[in-house]
2 protein chains.
Amino acid sequence: MHEGGKLYTSSHELAEWLGISSAQIRKDLSHFGEFGKQGTGYSVASLYEELRQILHLDREWQLIVVGSGNIGSAVASYSGFAQRGFRVVAFFDNDPNKVGAKVGSFIVQDNSEIASYVSENHVQHAMIAVPAQYAQQVADLLVDSGIRGILNYAPINLSVPDYVHVEYIDPVLHLQKMTYYLE
Amino acid sequence: MHEGGKLYTSSHELAEWLGISSAQIRKDLSHFGEFGKQGTGYSVASLYEELRQILHLDREWQLIVVGSGNIGSAVASYSGFAQRGFRVVAFFDNDPNKVGAKVGSFIVQDNSEIASYVSENHVQHAMIAVPAQYAQQVADLLVDSGIRGILNYAPINLSVPDYVHVEYIDPVLHLQKMTYYLE
DNA sequence: CAGTGTGAAAGTCTTCACAGCT
DNA sequence: AGCTGTGAAGACTTTCACACTG
């Protein structure tokens, strides 16, 4: 809506867009403040800005990538992260044949450098793009290094402490989530 | 656990693994049947099989891919789908320069062929790997063709009827889900 | 005695419906 | 008239705690 230049919207319009109820929209927003005007609805521009602040998307976040295979190196040449507030700042791998090589404009560093890099640069997010068998040990290393958010491409469940958040990207898993409802 | 050759597990062990309560595990399973033995727990092999049946993962599903750019063609050379029960059966694109070209062992067909292909082959799942600006119209076409599950790689929200299920893969969106909890 | 399956209780989330503002 | 923000009601989910079983 914001990109389309729309000026005002309502809880009803947002609800239809998202497939939930208008009461849900209003109740959810009410937990963070009063953003609407009776009779008018919500200013798209200011609601957009409020939501960016609420979700902490009003700043740039740094991101390291562990694993310099297919997925990892695809990230290096994809501008979508930087455009949307996530700056890729370093690549790591534990394979001696890959350490020292270039991935995009980055030189791959050894996994043993992760802890010092993360603490010196206050990085909070990491992407795991290593084979499934190494993913848990990389996760442990990241947690010990101080990483608080992990985007995991390995098709395996990670065990991490409560205060660390993990998001999973596994195309097959996503397909599997839908089959229950079919046939 | 199954791959590791484990014979028995308990609601407590599963709960710790998944980070939820043991009562939740037992209650959830109880909605589908009685799979455990008092004093012993659950047989890993038979629980695995029961879950595959409950989730409809005890069969092979077919999958078409719309969009033959970077993401689409990566799928063609990735064996993980077939290994885990999802067979990629056709590629489509609306770009005349791509229609007729080969992607892996597939010949890219025109989007106008989707409806007949889907109904003739009873395909239920599709992957959308087209630029964001075309994603909604592709989704509409897929829904009209009879597709019931969509895996969407375009960084945009899709509007579809209730009976169609959509899963989103957008790395930045997944990162954005975590920032609220940080800083 | 370890561990399930399950009613009942507690807790959480969603919807209703309306006073009140623009 | 149109739409928000919100208590209260209703619906749903999770946890408790225990009778019962192998």
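Residues numbered from 1 in each chain as written. Chains lettered and ligands numbered in written order. Predicted model: local features only at pLDDT ≥ 70, side-chain atom pairs only at ≥ 80, totals over all residues. Heavy atoms only, no water.

A. Representation of the nonpolar core in the model. In this structure, Phe 81 and Met 127 of chain A together with Phe 81 and Met 127 of chain B are the most contacted members of the largest nonpolar core, which totals 36 residues. Elements supplying a minimum of two residues to this core: strand 4 (61-66), strand 5 (86-93) and helix 8 (171-179) of chain A together with strand 4 (61-66), strand 5 (86-93) and helix 8 (171-179) of chain B. (Core = buried A, V, L, I, M, F, W, Y, C linked by side-chain atoms within 4.5 Å. Buried < 20%, exposed > 50% of the residue type's maximum accessible area, 1.4 Å probe, protein only. Helix = DSSP H or I, 4+ residues; strand = E, 2+ residues; numbered from the N terminus.)

B. Representation of the sheet that holds strand 8 (residues 109-110) of chain A within the structure. All names here are of chain A. Here six strands make up an open sheet; going across it, the order is 8-5-4-9-10-11 and the pairing parallel. Pairing within the sheet leaves two strands with one partner each, and these edge strands are strand 8 and strand 11 (165-168). Here four bridges tie strand 10 (residues 149-152) to strand 11, and the two strands are oriented parallel to one another. When the bridges of strand 11 are listed, Asn 152 appears paired with Tyr 168. Packed onto the sheet, helix 7 (residues 132-145) meets strand 4, strand 9 (125-128) and strand 10 and runs at close to 170 degrees relative to strand 9. (Pairing = 2+ DSSP bridges. Contact = heavy atoms within 4.5 Å. Axes fitted to C-alpha atoms, helices over the stretch in contact; angles between N-to-C directions.)

C. Seen up close, the packing of aromatic side chains. Residue and element names in this part refer to chain B. Under the defined criterion, the tally for this structure stands at ten aromatic pairs over all chains. Ring centres of Phe 91 and Phe 106 lie 5.2 Å apart, and the angle between their planes is 50 degrees; on these two criteria the pair is classed as tilted. Here Phe 91, found in strand 5, pairs with Phe 106, found in strand 7 (residues 106-107); they are 15 residues apart in sequence, far enough to count as distant. Exposure remark for Phe 91: the relative accessible area of 0% places this residue in the buried category. (Phe/Tyr/Trp six-rings, centres within 6.5 Å; stacked < 30°, edge-to-face > 60°.)

D. Inspection of the sheet that holds strand 1 (residues 8-9) of chain B at higher detail. Residue and element names in this part refer to chain B. Across the sheet, which stays open at both edges, the three strands sit in the order 1-3-2 with antiparallel pairing between neighbours. Among the strands making up the open sheet, the edge pair consists of strand 1 and strand 2 (36-37). Taken together, the two bridges between strand 2 and strand 3 (residues 41-43) define a ladder with antiparallel strand orientation. For Gly 36, the partnering residue across the bridge sits in strand 3 and is Tyr 42.

E. Spatial organisation of the relation of the copies chain B and chain A. Expressed as a screw transformation, the operator carrying chain B onto chain A has a rotation angle of 180 degrees and an axial translation of 0.0 Å, and the superposed copies differ by an RMSD of 0.0 Å. Expressed as an axis order, the relation between the two copies is that of a two-fold axis. Closest approach to the rotation axis among the C-alpha atoms of chain B is made by Ile 169 of chain B, whose C-alpha sits 3.4 Å away. A share of 100% of the interface residues of chain B reappears at the interface of chain A, consistent with the copies meeting face to face through the same patch. (Least-squares fit on C-alpha atoms with pLDDT ≥ 70 in both.)

F. Structural view of the protein's contact with DNA strand D. Every one of the 19 residues lining DNA strand D counts as a neighbour, but Ser 11, Arg 26 and Tyr 42 of chain A together with Ser 21 and Gln 38 of chain B are closest to it. Between DNA strand D and the protein, one listed contact pairs a phosphate oxygen with a side-chain N or O atom of Glu 34 of chain A at 3.3 Å. Residue Gly 39 of chain A places a main-chain N or O atom 3.0 Å away from a base nitrogen belonging to DNA strand D. Taken together, the elements giving at least two residues each to the surface near DNA strand D come down to helix 2 (22-30), strand 2 (36-37) and strand 3 (41-43) of chain A together with helix 2 (22-30) of chain B. For the surface near DNA strand D, the class distribution of residues is two nonpolar, eleven polar and six charged. (Near = heavy atom within 4 Å. Polar contact = N/O pair within 3.5 Å; in protein donor to acceptor, adjacent residues only side chain to side chain. Nonpolar A, V, L, I, M, F, W, Y, C, P; charged D, E, K, R; others polar.)

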